[in-house]
Amino acid sequence: MTERTTIQMPGFRGVVITPEHHEYDGARAVWNGTVDRRPRVIARCRGTADVAAAVRFARARDLEIAVRGGGHNVAGTAVCDDGIVIDLSAMRAVSVDPVERTALVQGGALWGDVDHETQAHGLATTGGIVGHTGVGGLSLGGGIGWLMRKHGLTVDNLVEAEVVTAEGEIVRASTDDHPDLFWALRGGGGNFGVVSTFRFALHPVGPTVMAGPVFWAAEDTTDVLRFYRGFVTDAPDELGNVIRLGTIPPLPMVNEDLHFRPSIAVASCYAGPVDDGERAVRGLRQFGTPLVDLVGPTRYGDHQSGLDDTVPHGWHYYWKATNLAGLSDEVIDIVAEHAYDATSPRSYAAMFHMGGAVARVPREATAYPGRDVEHNIVIDAAWLPEQDDTVGAADTAWARTFLDALQSHRAGVYVNFLDSDDDTSRVREAYGDDTYRRLAEVKAKYDPDNVFHNNKNIQPGTLAQ
Ligand SMILES: Cc1cc2nc3c(=O)[nH]c(=O)nc-3n(C[C@H](O)[C@H](O)[C@H](O)COP(=O)(O)OP(=O)(O)OC[C@H]3O[C@@H](n4cnc5c(N)ncnc54)[C@H](O)[C@@H]3O)c2cc1C
């Protein structure tokens, strides 16, 4: 049954969802279950023309606009109160050109969609490490993942984008077409328009790769991190590593007696031949006394979705994040001291090893400025909606205290890991003054009225300002 709606949107052929529609509550829910916003209308687009029609409709009525890709942003910027959500969740098509080695990806696709289609050709591009994360928001903020040290950030693989501007016009952005817009899209987030289609460069990956996590007891954290510091310094670009500090998730491949045991894990993925990968991770696997070692030849697509169930839609989340210039003894001690103080067994911290191809792109080439960062830590408080409020309050405080302890070691922050409220003022920190100023100029050209402001907002500006 589809309810009739009184809203007529000229030129729009998608689904218009208003509060009385039976899908309204599902359509306004995002990944972070703490977000509870009530838009006046959700315009579920079928294609680029619908996106343009929705933007024009909103502009004509001066409606607040939010843009929804995968709905994963922890701050819930994909939805707004009392305005319109331009919802791309029905635009998830991915089309691969195996000869050119590119993929055309619609703006509402998830990384699981991209991996599924590209891996059918033995190809991949750098995407997020959780399959249900949206391509839209992740790509526009930079895009870090297992393949970045070998193949660059997601934005380094962006070849062109189709964009609906604040005027409702459809333009192309690439190095030849609207190059200023193309620069800004590669890190500047959803500030410049709605990207209806991305075209990404692809690379041969897998389908079988050497990948998986090794877990050690939490008491071994300092030793593991000191070893890891040297291990990653010598690591080849093919090797992507992410540390996870928290408890062992109750995954089916882990013995039940280890579920929720405090632990440090290093998860790896080698983007090259399996034998080379085996050699690259051997030292790590032989270090100390692991509780469990799940590294082995794995299908890349399975590795990409391996964490999906550990961070499902609808739980309550609160994040704090920072880049780290390096892993000094002091940083290691702070991490070891705070990592296991969370109340919820679902809370954790994740630390991405950067460098490699990411660091070889000149800082000014894109709007992603954190090229020289070595590690990027995100502290994720996660608890169940039915849990007592005190758990959320305790772990929100845990995340803040953990970040505060790292204060003197901070080296900027990845914009896509910023939360709402107390992180709003950190947008400038994320970009640094030079990049922010340049983004503000592009914003003034493409969205002078700041129509797209439900995001990590760049204020329109001029050079003089
Ligand atoms: C579980 C989890 C794992 C993650 N892992 C990674 C990771 O491995 N690597 C990484 O880099 N990041 C990761 N992130 C962070 C992720 O990059 C951000 O949450 C990002 O905002 C998600 O994009 P989305 O489209 O799903 O979000 P949404 O909430 O839908 O969108 C966020 C914002 O992006 C903009 N936007 C989205 N789509 C479009 C579009 N098509 N056109 C214009 N603007 C758009 C809008 O401004 C919107 O407000 C992860 C997040 C989560 C929750």
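Quick summary incoming for the structure in this document. (Residues numbered from 1 in each chain as written. Predicted model: local features only at pLDDT ≥ 70, side-chain atom pairs only at ≥ 80, totals over all residues. Heavy atoms only, no water.)

### What to know about the pattern of salt bridges
Opposite charge on two side chains permits them to pair, given that their charged atoms come into close proximity.
Step number 1: Within the structure shown, the criterion is met by 26 salt bridges.
Step number 2: In this structure, Asp 180 engages Lys 445 in a salt bridge whose closest nitrogen and oxygen atoms are separated by 2.6 Å. Remark: Lys 445 occurs in helix 13 (residues 427–446) and Asp 180 occurs in helix 6 (residues 179–185); sequence separation between them is 265 residues.
Step number 3: Look at Asp 180 and you get partly exposed, because its relative accessible area is 24%.
Step number 4: A salt bridge links Asp 329 to Arg 226; its shortest N-O distance comes to 3.9 Å. Residue Asp 329 is found in helix 10 (residues 329–338), and its partner Arg 226 is found in helix 7 (residues 221–233); the two are separated by 103 residues along the sequence.
Step number 5: Judged by relative accessible area, which is 36%, Asp 329 ranks as partly exposed.
Step number 6: Each of the salt bridges in this network shares a partner with another, and the network as a whole consists of Glu 160, Glu 162, Arg 172 and Arg 199. (Salt bridge = Lys/Arg side-chain N within 4 Å of Asp/Glu carboxyl O. Helix = DSSP H or I, 4+ residues; strand = E, 2+ residues; numbered from the N terminus. Buried < 20%, exposed > 50% of the residue type's maximum accessible area, 1.4 Å probe, protein only.)

### A look at the nonpolar core
Step number 1: Core analysis: the biggest nonpolar cluster contains 75 residues, and Ile 144, Leu 185 and Phe 352 have the highest contact counts within it.
Step number 2: Broken down by element, this core gets its largest block of residues, eight residues, from helix 13.
Step number 3: Look past the residues within four positions of Ile 144 in its chain and what remains in contact with it is Thr 126, Gly 127, Gly 128, Leu 153, Phe 352, Met 354, Tyr 368, Asn 376, Tyr 414 and Phe 417.
Step number 4: One finds Ala 235, Leu 245, Val 335 and Ala 381 within the second-largest nonpolar core, a separate group that totals 39 residues. (Core = buried A, V, L, I, M, F, W, Y, C linked by side-chain atoms within 4.5 Å. Contact = heavy atoms within 4.5 Å.)

### Brief notes about the site of the ligand
Step number 1: Around the ligand, the structure places 35 residues, and the nearest of them are Gly 69, Gly 71, Thr 77, Ile 144 and Tyr 414.
Step number 2: One of the backbone nitrogen or oxygen atoms of Val 195 is found 2.9 Å away from a nitrogen atom of the ligand.
Step number 3: If the ligand stood free it would expose 940 Å²; the protein chains cover 97% of that surface.
Step number 4: For the shell around the ligand, the secondary structure elements donating two or more residues are strand 3 (65–68), helix 4 (135–141) and strand 10 (194–201).
Step number 5: Among the elements that make up the shell around the ligand, the one with the highest residue count is helix 4 (four residues).
Step number 6: When the residues that make up the shell around the ligand are grouped by side-chain class, the tally is 16 nonpolar, 18 polar and one charged. (Near = heavy atom within 4 Å. Polar contact = N/O pair within 3.5 Å; in protein donor to acceptor, adjacent residues only side chain to side chain. Areas by Shrake-Rupley, 256 points an atom, 1.4 Å probe, with all protein chains shown as cover. Nonpolar A, V, L, I, M, F, W, Y, C, P; charged D, E, K, R; others polar.)

### Overview of empty space enclosed by the protein
Step number 1: Tallied over the full model, the rule gives one cavity of 30 Å³ or more.
Step number 2: In terms of lining residues, the largest cavity is bounded by Gly 145, Trp 146, Met 148, Arg 149, Gly 240, Asn 241, Val 242, Phe 352 and His 353.
Step number 3: Contributions of two or more residues to the lining of the largest cavity are made by helix 5 (148–151), strand 13 (239–247) and strand 18 (348–353).
Step number 4: For the lining of the largest cavity, the element with the highest residue contribution is strand 13, accounting for three residues.
Step number 5: Of the residues assigned to the lining of the largest cavity, the class counts are four nonpolar, four polar and one charged. (1 Å grid on protein atoms, 1.4 Å probe; cavity = no way out; pocket = protein on both sides within 12 Å on 5 of 7 lines; lining within 4 Å. Points joined across faces, edges and corners; volume = space filled by probe spheres on them.)

### Section: the layout of surface pockets
Step number 1: Of the pockets and cavities examined, the second largest pocket occupies roughly 240 Å³.
Step number 2: Forming the boundary of the second largest pocket are 15 residues, of which Ala 75, Thr 77, Ser 420, Thr 424 and Asn 455 lie nearest the centre.
Step number 3: The residue makeup of the lining of the second largest pocket, split by class, is three nonpolar, seven polar and five charged.

### Notes on the environment of Met 91
Step number 1: Along the chain, the position of Met 91 falls in the loop between strand 4 (84–87) and strand 5 (94–97).
Step number 2: Take Met 91: its relative accessible area is 0%, and that puts it in the buried class.
Step number 3: Residues Met 91 and Val 105, 14 residues apart in the sequence, show an inter-C-alpha distance of 8.8 Å.

### Comments concerning the packing of aromatic side chains
Step number 1: Counting across every chain of the model gives 13 aromatic pairs.
Step number 2: Ring plane angle 10° and centroid distance 5.5 Å describe the contact between Phe 198 and Phe 200, whose orientation is recorded as stacked. Of the two residues, Phe 198 and Phe 200, both sit in the buried class.
Step number 3: Between Tyr 368 and Tyr 414, the ring centres sit 6.0 Å apart and the planes meet at 65°, which makes this aromatic pair edge-to-face. Of this pair, Tyr 368 sits in the loop between helix 11 (357–360) and strand 19 (375–383) while Tyr 414 sits in the loop between helix 12 (389–405) and helix 13, and the two are 46 residues apart along the sequence.
Step number 4: Taking relative accessible area as the criterion, Tyr 414 reaches 3% and is therefore assigned buried.
Step number 5: In textbook terms, an aromatic cluster arises when at least three aromatic residues are bridged by ring pairs, as seen for Trp 31, Trp 315, Tyr 317, Trp 319, Phe 352, Tyr 368, Tyr 414 and Phe 417. (Phe/Tyr/Trp six-rings, centres within 6.5 Å; stacked < 30°, edge-to-face > 60°.)

### Digging into the packing of helix 10 against helix 12
Step number 1: In contact at an axis separation of 10 Å, helix 10 and helix 12 are set at 165° when each is read in the N-to-C sense. As far as their axial angle goes, helix 12 and helix 10 are roughly antiparallel. The handedness of the crossing between helix 10 and helix 12 comes out as right-handed. On helix 12, the residues that touch Ile 334, Val 335 and His 338 of helix 10 are Trp 398, Thr 401, Phe 402 and Ala 405. (Axes fitted to C-alpha atoms, helices over the stretch in contact; angles between N-to-C directions. Parallel < 35°, antiparallel > 145°, perpendicular 65-115°, else oblique. Left-handed = near helix turned anticlockwise from the far one by under 90°.)

### So, the side chain of Thr 102
Step number 1: Residue position: Thr 102 is located in strand 6 (residues 102–106).
Step number 2: In this structure Thr 102 comes out as buried when scored by relative accessible area, which is 11%.
Step number 3: One polar contact links Thr 102 to Arg 199, side chain to side chain, over a distance of 3.5 Å.

### Here's the deal with the environment of Asp 176
Step number 1: For Asp 176, the position within the fold is in the loop between strand 9 (170–173) and helix 6.
Step number 2: Between the alpha carbons of Asp 176 and Glu 160 there is a distance of 9.4 Å; along the sequence they are 16 residues apart.

### Quick word on the sheet that holds strand 2 (residues 41–44)
Step number 1: Strand order in the open sheet made by the four strands is 1-2-4-3, with mixed pairing throughout. The sheet is open, and its two edges are formed by strand 1 (15–17) and strand 3, each paired on a single side. Averaged over all neighbouring strand pairs, the angle between strand axes comes to 20°, with direction disregarded.
Step number 2: Across the face of the sheet, helix 2 (residues 48–60) comes into contact with strand 2, strand 3 and strand 4 while running at roughly 170° to strand 4. (Pairing = 2+ DSSP bridges.)

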